[in-house]
Amino acid sequence: MINDCAFVGATLQKYMPNDVEKQHIRRSRNFFNKTFGIMFKLLSAKGDIYHVNYLLQDCYLASKLGKKPLVGHAHGSDLRKTLIHPLWGRLVRYNLNHCDKILVSTPDILGLAKRYRKDAEYLPNLVDISLFYPKPAIPKDKKRVLIASNSNWRVKGTDIAIKALSKISEEVEVNIIQYGKDFEKTKALASSLGLRLKVLPKLSHDKINKYYWGADVVIDRFALGSLGMVSLEAISCGRPVISWISSKYPENKDFPLRDLVDEEKIANTISDLPSNLWEKEFSFVKKYHRIEKVESRLLSIYETLIKRYAKSI
């Protein structure tokens, strides 16, 4: 396993069978570590299969160093944004064309991947159930709302969440985690609309569950149309999630609350949560993101690639 994104790679590896020998090659974001540092680590890496998270330099270097069979795992901005970048887009396109298998982590980027690879496949993300599991909520006078995804208006639609919540500001207590490039803009927008925000410090991944358990409802994103890791983790912690889940993606067809993007409708839904919404959302997560099901599919992909590669040498 090479690199990571939103702990997807680490979780996939964590729940693999004990008879699979595993190594995770990680890197930081500093220049040396993500260039020469990762190259030196890859040079000495030995495996039957190489699984790279994110279709940038890690994937390119692994391909150039002859690490095969090579699985390229796209996670979002590498296809939504970097693919059309005048410089880095060439790197992403190279990886799409030269990996032995392309996986994507959300349905909204599957179409982008299939433009270059007809065999690209959506692999649902896993939730680390040792960290994210249901706990009962403690009742309070006001409904506690957690804005859990990072403040990024273009990608997450945080501004839409703020505008919606401002319509029911007297009914809710709103917490927001302090991270994202538009965080200051988000605070300013909330202030201009009379919405009070309680700012929470960013926590490590193994501690973020405390924020989910302290909420009555969790707000994720309103700009992509698919379930993100925030949604999956919050639902696994026993909290209903409000997010835009587009019905145009067949992978979302069984999700109980789809096409919710209008601010008025978002506000009304939070104000009057549908009965047993969480139970329905949790049923969806158990059905499509179940550890055994996802791991079985991934190991099947590995086995096919390993056999195919063995025949070719």
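A brief report on the enclosed structure follows.

Rules used in this analysis
Residues numbered from 1 in each chain as written. Predicted model: local features only at pLDDT ≥ 70, side-chain atom pairs only at ≥ 80, totals over all residues. Heavy atoms only, no water. Helix = DSSP H or I, 4+ residues; strand = E, 2+ residues; numbered from the N terminus. Rg over C-alpha atoms; globule rule 2.2 N^0.38 Å. Buried < 20%, exposed > 50% of the residue type's maximum accessible area, 1.4 Å probe, protein only. Contact = heavy atoms within 4.5 Å. Phe/Tyr/Trp six-rings, centres within 6.5 Å; stacked < 30°, edge-to-face > 60°. Axes fitted to C-alpha atoms, helices over the stretch in contact; angles between N-to-C directions. Parallel < 35°, antiparallel > 145°, perpendicular 65-115°, else oblique. Left-handed = near helix turned anticlockwise from the far one by under 90°. Nonpolar A, V, L, I, M, F, W, Y, C, P; charged D, E, K, R; others polar. Pairing = 2+ DSSP bridges. Right-handed = clockwise from strand over helix to strand, strands pointing away. Patch = residues over 30% accessible without salt bridge, like charges linked within 9 Å, V, L, I, M, F, W, Y side chains within 5 Å. Areas by Shrake-Rupley, 256 points an atom, 1.4 Å probe, with all protein chains shown as cover. Salt bridge = Lys/Arg side-chain N within 4 Å of Asp/Glu carboxyl O. Lys, Arg positive; Asp, Glu negative; His and termini not counted. Polar contact = N/O pair within 3.5 Å; in protein donor to acceptor, adjacent residues only side chain to side chain.

**Focus: the overall build of the chain**
Argument step 1. Across its full length, the chain carries 14 helices and 9 strands.
Argument step 2. Taken over the C-alpha trace, the chain has a radius of gyration of 20 Å; the compact-globule value for 313 residues is 20 Å, and the two agree within 12%.
Argument step 3. Dimensions along the principal axes, computed over C-alpha positions, put the chain at roughly 65 × 40 × 35 Å.
Argument step 4. Looking at the chain as a whole, 54% of its 313 residues qualify as buried.

**Digging into helix α5 (residues 88–98)**
Argument step 1. Every buried residue belonging to α5 is among Gly 89, Leu 91, Val 92, Tyr 94, Asn 95 and Leu 96, and all of these are buried.
Argument step 2. Looking at the buried positions of α5, the neighbouring elements they touch are α3 (57–64), α4 (77–80) and β3 (101–104).

**Re unusual backbone geometry**
Argument step 1. At the junction of Lys 68 and Pro 69, the peptide bond is cis and its omega measures out at -5° in the coordinates.
Argument step 2. You will see that Ala 6, though not glycine, has its phi angle at about 55°, which is positive.
Argument step 3. With respect to the helices and strands, Ala 6 occurs in the segment before α1 (8–14).
Argument step 4. In the Ramachandran plot, Asp 259 falls in the positive-phi region, its phi being about 60° despite a non-glycine side chain.
Argument step 5. Tracing the backbone shows Asp 259 in the loop between β9 (241–242) and α12 (263–271).

**What to know about the packing of aromatic side chains**
Argument step 1. On inspection of all chains with the given rule, the structure shows 6 aromatic pairs.
Argument step 2. Between Phe 255 and Phe 284, the ring centres sit 5.2 Å apart and the planes meet at 90°, which makes this aromatic pair edge-to-face. Linking Phe 255 in the loop between β9 and α12 with Phe 284 in helix α13 (residues 277–288), this pair joins segments that are 29 residues apart in sequence. The pair Phe 255 / Phe 284 is uniform in exposure class, with both members buried.

**Describing the packing of helix α8 (residues 158–166) against α12**
Argument step 1. Interaxial distance between α8 and α12 falls to 8 Å at its minimum, and their mutual angle equals 60°. In terms of orientation, α8 lies oblique with respect to α12. Of the two elements, α8 crosses α12, and the hand of that crossing is right-handed. Here α8 contributes Ile 160, Lys 163, Ala 164 and Leu 165 to the contact with α12, which in turn contributes Glu 263, Ile 266, Ala 267 and Ile 270.
Argument step 2. In terms of residue class, the contact of α8 with α12 is made up of 6 nonpolar, no polar and 2 charged.

**Section: the sheet that holds strand β2 (residues 70–74)**
Argument step 1. A sheet is described by the order of its strands in space; here 4 strands give the open sequence β1-β2-β3-β4, paired in parallel fashion. At either end of the open sheet lies a strand with only one pairing partner, and these are β1 (50–53) and β4 (121–122).
Argument step 2. Two strands pair when backbone bridges link them, and β3 and β4 are joined in this way by 2 bridges, in the parallel orientation. In the strand pairing of β4, Leu 103 is matched with Glu 121.
Argument step 3. Lying on the sheet, helix α14 (residues 291–312) is in contact with β1, β2, β3 and β4; it crosses β3 at an angle near 165°.

**Remarks on the pairing of β1**
Argument step 1. Of the two faces of β1, the one lined by Tyr 50 and Val 52 and the one lined by His 51 and Asn 53 are each fully buried.
Argument step 2. Summarising the sheet, β1 and β2 pair through 4 bridges and their orientation is parallel. By the bridge assignment for β2, His 51 is matched with Val 71.
Argument step 3. The parallel pair β1 and β2 is bridged by α3, and the resulting crossover is right-handed.

**Considering a nonpolar patch on the surface**
Argument step 1. Taken together, the side chains of Phe 40, Leu 43 and Leu 65 present a nonpolar region at the surface, about 270 Å² in accessible area.
Argument step 2. Along the chain, Phe 40 falls in helix α2 (residues 33–43).

**Thoughts on the side chain of Asp 78**
Argument step 1. Counting through the fold element by element, Asp 78 comes out in helix α4.
Argument step 2. Although Asp 78 is buried, it forms no salt bridge, and the closest oppositely charged side chain is Arg 80 at an N-O distance of 6.7 Å.
Argument step 3. In terms of polar contacts, Asp 78 uses its side chain to reach the backbone amide nitrogen of His 75, at 3.3 Å.
Argument step 4. A distance of 3.0 Å separates a polar atom in the side chain of Asp 78 from the backbone nitrogen of Gly 76.
Argument step 5. When sequence neighbours within four positions are dropped, the list of residues in contact with Asp 78 reads Tyr 54, Leu 55, His 73, Leu 83 and Val 92.

**Re the sheet that holds strand β8 (residues 217–219)**
Argument step 1. Pairing is parallel across the open sheet formed by 5 strands, whose spatial order is β7-β6-β5-β8-β9. What marks the edges here is a single partner per strand, and that holds for β7 (197–200) and β9.
Argument step 2. Direction of pairing for strand β5 (residues 143–147) relative to strand β6 (residues 172–177): parallel, over a ladder of 5 bridges. Each residue of the ladder has a partner; that of Leu 146, found in β6, is Asn 175.
Argument step 3. Packing of helix α9 (residues 183–192) onto the sheet brings it into contact with β6 and β7, and relative to β7 it is tilted by some 160°.

The values are spatial; any link to function lies outside them.
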